[in-house]
Every structure is written in C-alpha cells, then in structure tokens.
Amino acid sequence: MVEPADRSSTAGQRLSAPESYGVSTLEPGLRPPTQPPGRLVSIRVQLLDDTQEVFQISQRSPGKVLFDLICVHLNLVEGDYFGLEYQDQRKMTVWLDLLKPTLKQIRRPKNTILRFVVKFFPPDHTQLMEELTQYLFALQIKRDLACGRLICNDTSAALMVSHIIQSEIGDFDETQSWQHLLHNKYLPDQDAIRDKITDCHRKHVGQTPAESDYQLLEIARRLEMYGVRLHPAKDREGTKLSLAVAHTGVLVFQGYTKINAFNWSKIRKLSFKRKRFLIKLRADPAQNSHHDTLEFAMASRDCCKIFWKICVEYHAFFRLFEEPKPKPKPILFTRGSSFRFSGRTQKQIIDYVKDSEVKKVPFERKHSKILSSSGMSPQSSSFRSQVPKESAMSVPVADQPDSARLAHHAEANGSEELPASTSTANGLHDTPAAPGSDSTQPRQNGAGLAAEQQQLLNPGSPGSEDSPLGSPCVVVNGTVNGDGMGGVLGQSPEGRQLSPLTSPLLTDAGYVRNDEEDEARRKFPTDKAYFIAKELLTTERTYLKDLQVITESFQSAAGKDEAFPVSVSNLLSANYDPVDKFHQGFLKEVEQRLAQWEGRSNAHIKGDYQRIGDVLLKNIQGLRQLTIHLQKHSECLVELERACRSSRKVEALCREFEQQRVCYLPFNVFLLRPLHRLLHYKLILERLCKHYPPTHDDFRDCRAALADISEMVLQLQGAMMKMENFQKLLELKKDLTGIDNLAIPGREFIRLGCLSKLSGKGLQQRMFFLFSDSLVYTSRGTTPSNQFKVHGQLPLYGMTIRESEEEWGVPHSFTLFGQRQSVVVAASCAAEMERWVEDIRMAIDLAEQSSSPHTDLLSTSLPDSKLLEDGGTEQESEEELSGSRSSLERQGHRGNTTVHVCWHRNTSVSMVDFSVAVENQLSGNLLRKFKNSNGWQKLWVVFTNFSLFFYKSHQDDYPLASLPLLGYSVTVPAESENIHKDYVFKLHFKSHVYYFRSESEYTFERWMEVIRSATCSASRSLPSTRKDLY
C-alpha cells in the first residue's frame, strides 16, 4: 500500500468541495476530539466494499477517534449502527471499545486489520434515514449471504441475489447476467439456484440501485437469521445451543432454528460468572415461579464477557433515550466491570437527522456498473418513515427506547441490572410479556373506523440546521487536511483507483449537490405527457394486484375447500386468468418504456421513447381479443352469488376470504375491476389527446387507441352498469339485517346516508337507504356485528314530499307522505337536504313509471314495518342472533364499510358518487405529514372506494392502513401553516389534519381532483335510460 503522505487529496478536497463531517458518535455541534500528543500509528481498516484504507492516529488516542475518522472519511451521518471488529491475540472476534486506547486493545497494529461492519441491526430498514447507510447495510447483507451466515430458503436467496445483481449490472441481459453469475460468488451453493436467480432478475426492469438496496433489505429483515450473530453455548443438560442478541432481547437457537426469546421487558439482570452466562427474569405472579434465573455454559469466561458486552450495548442502543453516563469512580474498592455503551442511541440518531439538515454527499457504488446518485433512493432522508398504524389493521410496533438512564455496570464479574418498569419514548411503559414476544399496543377509536392515523416509531426527517463539525487530522487517500494538490480526479498519482465510498460524484461546477438540487434533478422529465404515462404505470400496478386477488388468493382459498363448486372455479379461471396474463405483459412494457423515457434503462437502445401512445395502441388492440372474457364477468358475479345462496359453506368461505388482509375491499368489487379499467384507459387517452398538438408524433397513436377503447367501453357499458348496481345491492345486503330479498331484478340503489327521524322521543339518528321502489330506514345495532337493523319501509309509489322546517321548527327538515304512514326527517345541512329531496323525487318518478307494484323488502320476522320505529337502538332478539345465516354474516362482517363511515360522519353517498369514484381511482407515491410532526413519510397510496389505502411500496400485497375520506375537506395549506413545499394539499376533518405532497403539478392536480370527488357528493340526476338497463 502506498504511504499516506505520498497520496493525493480526495476528489472533494481538490475541487474545494465543502467538507461534510458526518460524525455520528458526537453530539450535534461538537467537533471531533483532538488527538493527544504522541507519535502517529497507522491502522489498516477494511470497509464494507472490500477496500482497505490506512488511518493515522496517536498512540494514546481512544478507539472513538479512529471510529470518528472513518465516519468523516465516508461522510457517514448514521455511523452509530456500525462498529469495528478484529481478531485479538486469542483468535477471538471482538469489538473495538471506543472508550479505551486503541493500542491497548490491538497489540500488533501492523499485523491487524480492523473490519468496519454493521453492529446494530434495526427491525426495519426504513429507520435508516440516508441512502448511503442503506447501501452499507446492503453490502453487509451481501457479505452475510456469501459466507453462509444469513440462512434462508432458496426462493428468498435467489430473490435477494437478483436484487444485488440488478444494483450492480442493471436490467436483465441473458448473456451478461449469466457471465456475471459465473464470475461472482453470492451464495455458497449458488450454482444450484442460478436459474431461479435469473428468473427473478428479469422482473426488475428499470429498478435503480437504490431501489434494489431497498428491496434487498425489505426481504432480509423478514428472515429469522437477519442480523443474528451466534455465540455457542450449552444449557444445564448439556444440549448444544447458541445465544444471540437482537433489538427485542436475547434469543436462543438450536442449530439455525430459534427456540426461545427473552424480551428486554422480561429480563431483570444479565451477568456472567466464570463460564456461566446468567439471565435473571422478572418474577411472574401468574405462574408462581421461583426459578427466575436461566444459566448457559459457554466455552470460556472471555466468551461470556464478549456476549455480555454486546447485550449491554444492544439494550442501550435500542432502548435508551441517550447514552448512559459513566459511573463515578469509587474511592477505595472497585466492584465489577466499568464497561458501558459508548455512542448515541438509535433515538438520538433519528432526532439528530430530523432536527439538523445534513447535506447529502453523493457517492459511487464500487460494484455497480450503472450510474447512480444518492438522490435516487426510494425513500430518501427527507421522506423516511414507517407506515401508520390503524385500528382496523393493527401493525406491531417495534420496541421503543427506555427514557430512564440505565446504569450499565456490572456486579460480580459483570452484570447488567434492568429496572422493573421504565418509561419508553412514546410515554408508555414496558409491560411483562411472554418470552420471545414483542409488546404491541393496538389502538382503536370508538367508532370502529380505520380512519385516524397513529405514527409508528421514528417518523422523522431532516430539519434545517447544519451541524458545524471540526476537522480532525485524517490521512485517507491524500495529504493531511487536504494540503497539497494535483492528480487526476478519482485516482492517486500512481493510477490506483480510490475507494468509491470516498470519491463523491460531483457536479460540473465542482461542488457537492445539496438536497434541493438533488430533488430538482430527480424530476428531469418535465413534460405533462410523462406524468400522464406515469399515472398509467402506477394505476396499472394496483390493477394487476387487484386481479391477483381473484386469480391467485381467492382461487387458492377456493381450491382448498371441497365445498366450492368446480364449475364456478373453472368459470373464474377461464375468464380472469387470460386477462391477468395479458396485463402482466402490458405492465412490463409500460415499465420498460417509462425506464427508457427517464433514461434509467441500460439497454442502450437508440430511438425516441418519450411517448406512450404506441404501447397503448398495441395493447388495446390486444385487449379487444379478450372482449369475450370481459362479457362473461357478469356471469361470474351472478354464479358466485348463486353458489353462496345455495351453500352455507361457500358463503362462509367467501366471508372468511373477505376478512383476509389481501381482500381490502368487498370481493365482488374486484370482479368488476377489468371493466372499470377500460374507463381508466379511456380517460388517460383523452388527457393525452388533449395535451398533444395534432402535429405531435404520439398524437396519431393516442387518437387511434382512444377510438378503439371508446368502442369497447360503449359495447360493455350496459353490462357494467348492471353489474355495478347488482354488486352494490349484494354489498348492502351484508350491512342490513331484516331484509331477505334485496337484490331482485328491476331494483336500483340510489342513495344511502344519515338522516334524523322525528318521533315521540325527539330526533333520532337513522340510516336511510333509497332504492328505486322504496325507502328503508334503520339503526345501527349494538351487537359485535354492527349491522343495521331495519325499522321501517316506505313504498315510493304514491309518495309525496314537502319541506317542513317552519312547521316543525327543525332545521333542514322535510316530510315524506306515504300511502300508509308519514315520516318527518332532518338532514345535517342544507346541501344534504337538497341532495336527498332531489334523489327522492327522482326515485318517486321512477316508481310511478314502473309497471310493477313495489315488492315488500322486509323479512317475515318483522310483523309490521312501523313496529320498531321508535325503539331507539334496541338489542336483537336471541332468536335472530342464533339464526345460522345471520350469525354467519355477523362473524364475517367488516366494520368500516361505506355505510358505517356515513353513519359515523353523518353524511350520505349516491350511486352516482360510486360511479364517479370508479372513474377516479388513482395510485402513486405521496409524502405524508402529520399536523404536529416535522417529517415527511413516503408512502405508496391507493385511492379507491372513497378511501386512501397506505402501503410501504407498490409491491406490498395488502395495505397497512386506510383513511376513509367521506366528510373530509381537501384544501391547500394556508401561509400560516408553514408548509414551505410545492404541490402540497391538506385533508381536514374535525381535529384531524394530514398534509400530502406530490411530485409534480400534474399529480397534485390529479390527487386534488379525485379526492374532491370523494369528499364532495354529486348532486346530478341519474341518466334517464338507467332504469331500463337492468
């Protein structure tokens, strides 16, 4: 290795780039420690990209100085996740103690190589705020796979390796990928699954290296052996085991299988005595157990001490608010070890990155052959966070740091005493949990709606303050502190390539780009057509996921149940599988075109690819061949409902499937998706044709594709409207009890919503359902099913309506005069009253024109439609509760349907609103911010069925949270709200405020448009021909 004094300065120093000292182990605002006087000693360190660097430190300096120099060298902000390990004179792998002098730990520095590796593995990689940190973690996962430390099945291994290859060589090319696998070893048994790896690699077209890192860590973190470092031990019976430590506590493995786990909240004390490692648990009153100490025998006392130290550090890093203070030195006698955790805790790291705007320094990936900059992260530091937790779909919360400052000291050969109850970061307390279980805190609102978001741990983002850090004497690929000039950019005078981690990619002007410049440069396609094409891509991804709910998830569940009719299963497969297969190919073409449009593809294909009309025209012509299958989808819906009516087992199967997380909407809605998708293509093409001038190269293809899709929509529109109405009646049937024959030919759904009914007890909240032949009013049941119990029915034939605000003295009230009874109702506002009056009058006209008299909706169990109208919220009878069909629906009933949202938010929706919502579905990435938080969270958001559904990424199979939008208002933030960002809109309902940020003016306008369609009820009449369609 070349002597440090003879090497040129780093690229950033030669071009006078601002120095970025990401010294993660220092408090904000402090300078790196000055080195004590004395001769300098060279220490060799191997980095995660396999390069070796030499650092010069004073012979008396502590390990912290060396560690800080490495962080400065790498421009690493979140260095506290990492550590330095080496082999001591006993050939044991140990961690460098940052508080002790380095040369007292490393006896022969010339013959020792320290390894800079990941030390603390967080439960979720989205807690890592910087792309550089994620890249280093990805290198660690790559190393663990190669050495056989990260054990997993072949499918997971192949998928992870495919993401590694994608980040290194880019998009799949058969010859290049095969040669790359031959010359690089990623797995011990790589040859056996080489075909699997290439098959997975084919699917990553257009994926950037940063996105590949993100997906690699997403897969790795779910593995049981993620971040696990095994320490051999034996139990009291001499059985060979292994101990490990994680963010949750101490783990016990037998081979590579985890057989036990002890949560930090259950551990009272960790200690060791000679070769015995002791875990003292808190007493469990429920079990009356007095044996609260577990004992494990390890190979030696040194092995015990090494494992005990890492346990102390893991507990402090993940559980404490701040670094523990040193214990005062005793005057006379010392007892136990003085070892303590040194460095910032995870809580401090996140707070630091959130509160200070650290300038990101672009970096080069050593093994990557494609261009990548730090601005391409799928979740950059300003966006990073976990998806919120919802009441309807609870998400486990990671263990949070203890606020108490635990004294990490030892007694009798080393121990750690853990307090019985310590406050955590969110103000809660640790509660005893079963060994191996993480304590979760699901929260529900009283209404049972998955509406109000709860923030998980670490939602932060950088603030606005720079942290002025000092300049230590560092010798890395150059002279001291940049003195001395010369050399070629990125190389030493001898021509040796510098470490990619220390050779930032600079701009033409020779300065390091900051966050705002990175953000601006990410948006290089500025044409509106690009964002319209991107909307096609994002919505196609969601549509394909919805199709797979039918073709994969439901078919799998139906195939396991012998009661499900084979004829119905075959009908679904025959008419949905070809559509699914076609759209998989279509999605790949769109992804490839967008990658070429953005310049991300490394396919090196020449030509003008900044258009999408040719892809749409080709595939819409192909889609026309599937018209015969699309026409059969109404038959699929009818046959599935017929099977449910004829068999309780089939009905139970469908109800149970709707409770699965992947079925985030009523299952029948998914059956309508292919027809709805035709409307989306038509609207997208209309926007493209409106945007392009007639002379544009893409205009002709878009116009031809629009003509083809318009013809298909016109051909299938009648069947689609019938299916929508039939599906809505089936959905309402699940929400109502006391009605047997709701879905009959000729009946149309018109509006549902809340009105107050005037009775002898005053105004009482009731849920009204308006159909083409009758008006039904109900109240919400008090049983766990939360179904709405029918109180009465008003036939529309012969009904009249009159406003009666002055007569009864009730605002926004009107009277309905039926043939048998009259009802006085009041709306929540004048607009609601106007919608109801308009729709009821239209429905009365439909009933008058109908040739058949009304059909009684009520079941025979209700002797009189007026019997219970003043009964309030009375309980269902035992006979009704024990009915097999009713109780079946109760067991499988959703509590956050549109009907329940309308009930809790005192609003209404019409069939026209549902039709508008079908046209206005949207998907894409948004940044979300809470009212009182500083950080923006990057989420994949899907708008459908009057709700926003939140995902971590578009590849997730089910949403982790939802936000029903009925009743919300959507506006632009006021100046006083201090939201100094572009393209931000605000959602507001009572005290709940959310801010969402989009990537462009077009996407901002589209999100505003579709959300307004859900928050503002339509008041136009139904088409006059609608009554003839069913």
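Rules and cut-offs
Residues numbered from 1 in each chain as written. Predicted model: local features only at pLDDT ≥ 70, side-chain atom pairs only at ≥ 80, totals over all residues. Heavy atoms only, no water. Helix = DSSP H or I, 4+ residues; strand = E, 2+ residues; numbered from the N terminus. Buried < 20%, exposed > 50% of the residue type's maximum accessible area, 1.4 Å probe, protein only. Areas by Shrake-Rupley, 256 points an atom, 1.4 Å probe, with all protein chains shown as cover. Axes fitted to C-alpha atoms, helices over the stretch in contact; angles between N-to-C directions. Parallel < 35°, antiparallel > 145°, perpendicular 65-115°, else oblique. Left-handed = near helix turned anticlockwise from the far one by under 90°. Contact = heavy atoms within 4.5 Å. Nonpolar A, V, L, I, M, F, W, Y, C, P; charged D, E, K, R; others polar. Pairing = 2+ DSSP bridges. Phe/Tyr/Trp six-rings, centres within 6.5 Å; stacked < 30°, edge-to-face > 60°. Lys NZ or Arg CZ within 6 Å of the ring centre and 35° of its normal. Salt bridge = Lys/Arg side-chain N within 4 Å of Asp/Glu carboxyl O. Core = buried A, V, L, I, M, F, W, Y, C linked by side-chain atoms within 4.5 Å. Patch = residues over 30% accessible without salt bridge, like charges linked within 9 Å, V, L, I, M, F, W, Y side chains within 5 Å. Disulfide = S-S within 2.5 Å. Polar contact = N/O pair within 3.5 Å; in protein donor to acceptor, adjacent residues only side chain to side chain. pLDDT = per-residue confidence, 0-100.

Q: Explain the overall build of the protein chain here, please?
A: Each helix and strand counted, the protein chain has 26 helices and 29 strands in total. Looking at the protein chain residue by residue over its 1030 residues, the buried ones come to 58%. For the protein chain, the exposed surface amounts to about 43,300 Å²; the carbon and sulfur share of it is 49%.

Q: Where do I start with the packing of helix α14 (residues 613-623) against helix α19 (residues 699-735) in this structure?
A: To describe two helices that pack against each other, one gives the angle between their axes and the distance between the axes. Taken N-terminus to C-terminus, the directions of α14 and α19 make an angle of 25°; their axes are 8 Å apart at the nearest point. Compared by their axis directions, α14 and α19 come out roughly parallel. As for how α14 packs across α19, the hand of that crossing is left-handed. In contact with Gly613, Asp614, Leu616, Leu617, Ile620, Gln621 and Leu623 of α14, α19 contributes Asp701, Cys702, Ala704, Ala705, Asp708, Ile709 and Met712. Grouping the amino acids of the contact of α14 with α19 by side-chain chemistry returns nine nonpolar, two polar and three charged.

Q: Teacher, can you tell me more about the sheet that holds strand β24 (residues 937-944) here?
A: Backbone hydrogen bonds hold the strands of a sheet together, and the pairing may be parallel or antiparallel. A sheet is described by the order of its strands in space; here seven strands give the open sequence β26-β25-β24-β23-β29-β28-β27, paired in antiparallel fashion. Single-partner strands in this sheet number two, and they are β26 (961-964) and β27 (969-971). In this sheet, adjacent strand axes meet at a mean angle of 35° when their direction is disregarded. Bridge count for β27 against strand β28 (residues 984-989) is three bridges, and the pairing is antiparallel. The partner of Ser969 across the bridge, within β28, is His988. Contacts from helix α12 (residues 528-559) reach β23 (922-930) and β24 within the one sheet, and its direction differs from that of β23 by about 95°.

Q: Explain the packing of aromatic side chains to me, please; I cannot follow it from the model alone.
A: Note on aromatic pairs: each is described by the distance of the centres and the angle between the planes. This model, assessed by the stated rule, comprises 36 aromatic pairs. Of the aromatic side chains, those joined through ring pairs into one cluster are Phe67, Tyr81, Phe82, Phe116, Phe120, Phe121, Phe137, Tyr226, Tyr314, Phe317 and Phe318. Taking the ring centre of Phe989 as reference, the NZ or CZ of Arg905 above it sits at 4.9 Å.

Q: Sorry if this is basic, but what is going on with the pattern of salt bridges here?
A: Opposite charge on two side chains permits pairing when their charged atoms draw close. Within the structure shown, the criterion is met by 45 salt bridges. Taking the shortest distance from any N to any O, the salt bridge between Asp80 and Arg344 comes out at 3.9 Å. Separated by 264 residues along the polypeptide, Asp80 in the loop between α2 (63-74) and β3 (82-87) and Arg344 in the loop between α9 (301-319) and α10 (346-355) bring together distant segments of the chain. By relative accessible area, which is 5% here, Asp80 ends up buried. Judged by its relative accessible area of 1%, Arg344 falls in the buried class. A salt bridge links Asp546 to Arg673; the nearest nitrogen and oxygen atoms lie 2.9 Å apart. One end of the pair, Asp546, is in helix α12; the other, Arg673, is in helix α18 (residues 667-691), with 127 residues separating them in the sequence. When its relative accessible area of 4% is taken as the criterion, Arg673 is described as buried.

Q: Quick question: what am I supposed to make of the nonpolar core here?
A: In globular proteins that are soluble, nonpolar side chains generally tend to be buried together. By size, the foremost hydrophobic cluster in this structure holds 129 residues, and its most contacted members are Phe667, Leu688, Leu948 and Trp1007. Of all the elements, α12 adds the most residues to this core, at 15 residues. If we skip the residues at most four places from it in the chain, Leu688 touches Ala529, Ile532, Ile612, Leu616 and Cys702. The next biggest cluster of nonpolar side chains, apart from the first, holds 102 residues, and it includes Leu66, Leu223, Phe262 and Phe341.

Q: Where do I start with the packing of helix α16 (residues 633-646) against α18 in this structure?
A: Interhelical geometry of α16 versus α18 gives an angle of 165° and a closest axis separation of 9 Å. In this view, α16 runs roughly antiparallel relative to α18, as classed from their interaxial angle. Between α16 and α18 the crossing geometry is right-handed. In contact with His633, Leu637 and Leu640 of α16, α18 contributes Phe667, Asn668, Leu671 and Pro674. Looking at the contact of α16 with α18, its residues break down into five nonpolar, two polar and no charged.

Q: I tried to follow the side chain of Ser156 on my own but got confused; where do I start?
A: Along the chain, the position of Ser156 falls in helix α5 (residues 154-169). Ignoring anything within four residues of it in the chain, the contact list for Ser156 reads Ile219 and Leu223.

Q: Before we go on, may I ask you to explain a nonpolar patch on the surface in this structure?
A: A surface patch of nonpolar side chains, amounting to about 250 Å² of accessible area, comprises Ile151, Leu230 and Tyr256. Residue position: Leu230 is located in the loop between α8 (209-220) and β6 (231-234). Look at Leu230 and you get partly exposed, because its relative accessible area is 31%.

Q: I tried to follow the state of the cysteines on my own but got confused; where do I start?
A: Should the sulfur atoms of two cysteines be covalently bonded, the bond is a disulfide. Within the structure shown, the criterion is met by zero disulfides. In this structure Cys663 is a free cysteine whose sulfur lies 9.6 Å from that of Cys654, the closest cysteine sulfur available.

Q: Can you help me understand unusual backbone geometry in this one?
A: Negative phi is the rule for most residues except glycine; trans is the rule for most peptide bonds. Even without glycine at this site, Asn75 takes up a positive phi of about 55°. Structurally, Asn75 can be placed in the loop between α2 and β3. We note that Asn906 has phi near 55°; this positive angle belongs to a residue other than glycine. Mapping Asn906 onto the fold places it in the loop between α24 (898-905) and β22 (908-910).

Q: So what exactly am I meant to see when it comes to helix α17 (residues 648-658) here?
A: An α-helical turn contains 3.6 residues, so a residue and the one three or four places further along point in the same direction. With eight of its eleven residues buried, α17 lies for the most part within the structure. Every buried residue of α17 is listed here: Val650, Glu651, Ala652, Leu653, Cys654, Arg655, Phe657 and Glu658. In this structure Ser647 caps α17, since a side-chain oxygen of it lies 3.4 Å from the backbone nitrogen of Lys649.

Q: Would you mind going over the environment of Val899 with me for this structure?
A: Structurally, Val899 can be placed in helix α24. With 119 residues separating them along the chain, Val899 and Arg780 place their C-alpha atoms 10.0 Å apart. Contact partners of Val899, with chain neighbours within four places excluded, come to Leu732, Asp735, Leu752, Met767, Phe769 and Phe788.

Q: Is there a simple way to explain the sheet that holds strand β1 (residues 40-46) in this structure?
A: Spatially, β2-β1-β5-β3-β4 is the arrangement adopted by the five strands of the open sheet, whose pairing is mixed. Edge positions in the sheet fall to β2 (52-58) and β4 (93-95), since each of these pairs with one other strand and no more. Pairs of neighbouring strands in the sheet enclose a mean axial angle of 40°, with direction left out of account. Judged from the seven bridges that link them, β1 and β2 form a sheet pairing that is antiparallel. Of the residues in β2, the one forming a bridge with Ile43 is Phe55. Against the sheet, α2 touches β1, β2, β3 and β5 (113-118), its axis set at about 135° to β2. Contacts from helix α4 (residues 131-146) reach β1, β3 and β5, with the element oriented near 110° to β5.

Q: Can you walk me through the confidence of the model for the protein chain in this structure?
A: Parts of the model with low pLDDT should not have their predicted coordinates read in detail. A residue-level look at the protein chain finds 71% of positions with pLDDT of 70 or above and a mean pLDDT of 75. Note that residues 371-416 has pLDDT below 50 and, in this model, 216 contacts with residues that lie over four places away or in other chains. Note on residues 859-893: pLDDT under 50 across the span, and 81 contacts to partners over four residues away in sequence or across chains.

Q: What should I look at first to understand the pairing of strand β9 (residues 257-263) in this one?
A: Strand residues, when the strand is regular, have side chains that alternate between the two faces of the sheet. Pairing of strand β8 (residues 249-254) with β9, which is carried by six bridges, proceeds in the antiparallel orientation. Within the sheet, the bridge partner assigned to Val252 lies in β9 and is Asn260. What sits between β8 and β9 in their antiparallel hairpin is a turn of two residues, with Gly255 showing a positive phi close to 70°.

Q: Where do I start with the environment of Gly622 in this structure?
A: Mapping Gly622 onto the fold places it in helix α14. Sequence separation between Gly622 and Phe586 is 36 residues, and the spatial gap between their C-alpha atoms is 9.7 Å.

Q: When you look at the environment of Val94 in this model, what are you seeing that I'm missing?
A: Along the chain, Val94 falls in strand β4. Here Val94 falls in the buried class, since its relative accessible area comes to 9%. With near-sequence residues (within four places) excluded, Val94 lies in contact with Leu84, Glu85, Tyr86, Asp88 and Ile306.

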